[in-house]
Amino acid sequence: KQGVGTIVLATSRELRWLQLPSDWNDLITFLDALKVQRLVVDSSHKAPELYASEGKALPAYKYLRRVHSRGDEPFCIIDIHLSAEIYLLRPRDFREKVIVPILSRLEDVEIGCVRQTLRFDVADAESAKLLDVPIAAPVVLVRRTICDLDNNVIYLADVIYRGDVVRMEMDLSPNGGRSD
C-alpha cells in the first residue's frame, strides 16, 4: 500500500527439507548426517513403556535426550532408551554421536527387527519451546524400535519432528515402479 513505508520480508527458509527414511539403509544414511546438539544421559532402571507388538523389555536402559538442529534451527527432539549392556560397549560414542549408525556397525550386536511408526499431533508447551515453534504447531511423532534376534528391545526412540520441515515419499507403484 502506498504510504505505509518499506517492508522487508525475511528470506524464506526451505520447507519440507527433511525426507523421513522408509528403509534401513536410508535410516542409517539419514542419521549418519546428523550432529548431536544437546544431550542428557541418565541411568534408567525403569523399562520404557512398550506395546506388546514392539518386543520384550530388558532389565536396564540408559536414557538419552537430544535436540538436533539444522544451522541454528532445532528440528527434532529425541528421547532414547538404549540397552544398558550395549551402552557399556561404547559409552563415549553413544554419548557424543548418533546412536543407530553405531549400533548398526557393532559386531557384538545382531539386529533382528526394526520398526518405525508415524503419528501426527501438535506441539505441547515443552516441545514447542525446544523446537522454537508456537504451542499447537503441527509435529510428526516417530517411534522407532530396534530388537535383537531374541526380540528384546535394545533401542527405543520417541522422536518429535517439526511438522513444517518433514516430508515422506513412498513409491506405491505396482511392481516397485518397474515396467516389465
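Shown above is the structure to which this text applies.
Residues numbered from 1 in each chain as written. Predicted model: local features only at pLDDT ≥ 70, side-chain atom pairs only at ≥ 80, totals over all residues. Heavy atoms only, no water.

For the protein, the count of helices and strands is 5 helices and 8 strands. Secondary structure elements of the protein occur, N-terminal to C-terminal, as β-α-β-β-β-α-α-α-β-α-β-β-β. Expressed as a percentage of its 180 residues, the buried residues of the protein come to 41%. In the protein, of all internal contacts separated by at least 6 residues, the share reaching a separation of at least 24 is 61%. Counting every atom, the protein has about 11200 Å² of accessible surface; 50% of that belongs to carbon and sulfur. (Helix = DSSP H or I, 4+ residues; strand = E, 2+ residues; numbered from the N terminus. Buried < 20%, exposed > 50% of the residue type's maximum accessible area, 1.4 Å probe, protein only. Contact = heavy atoms within 4.5 Å. Areas by Shrake-Rupley, 256 points an atom, 1.4 Å probe, with all protein chains shown as cover.)

The next subject is the pairing of strand β6 (residues 138–148). The element β6 is extensively covered by neighbouring structure, given that 10 of its 11 residues are classed as buried. Here strand β5 (residues 111–122) pairs with β6 via 10 bridges, running antiparallel. Bridge assignment links Arg115 to a residue of β6, and that residue is Thr145. In terms of strand pairing, β6 meets strand β7 (residues 153–162) through 9 bridges, oriented antiparallel. Each bridged residue has a counterpart across the sheet, and for Val142 the counterpart in β7 is Val159. Linkage of β6 to β7, two consecutive antiparallel strands, is achieved through a turn of 4 residues, within which Asn151 is found at a positive phi near 65°. (Pairing = 2+ DSSP bridges.)

Before going further, it helps to spend a moment on the nonpolar core. Counting residues in each nonpolar core, the largest one holds 39 residues, and the members touching the most others are Leu18, Leu82, Leu103, Tyr155 and Tyr161. Those elements that place two or more of their residues in this core are α1 (24–32), β3 (61–70), β4 (73–83), α2 (84–87), α4 (99–105), β6 and β7. Tallying contributions element by element places β7 first for this core, with 7 residues. What Tyr161 contacts, discounting residues up to four positions off in sequence, is Leu18, Leu20, Phe30, Phe75, Cys76, Leu131, Val139, Val140, Val142, Arg144 and Val166. Counting 10 residues, the second largest nonpolar core, distinct from the first, contains Val67, Ala128, Val139 and Ile160. (Core = buried A, V, L, I, M, F, W, Y, C linked by side-chain atoms within 4.5 Å.)

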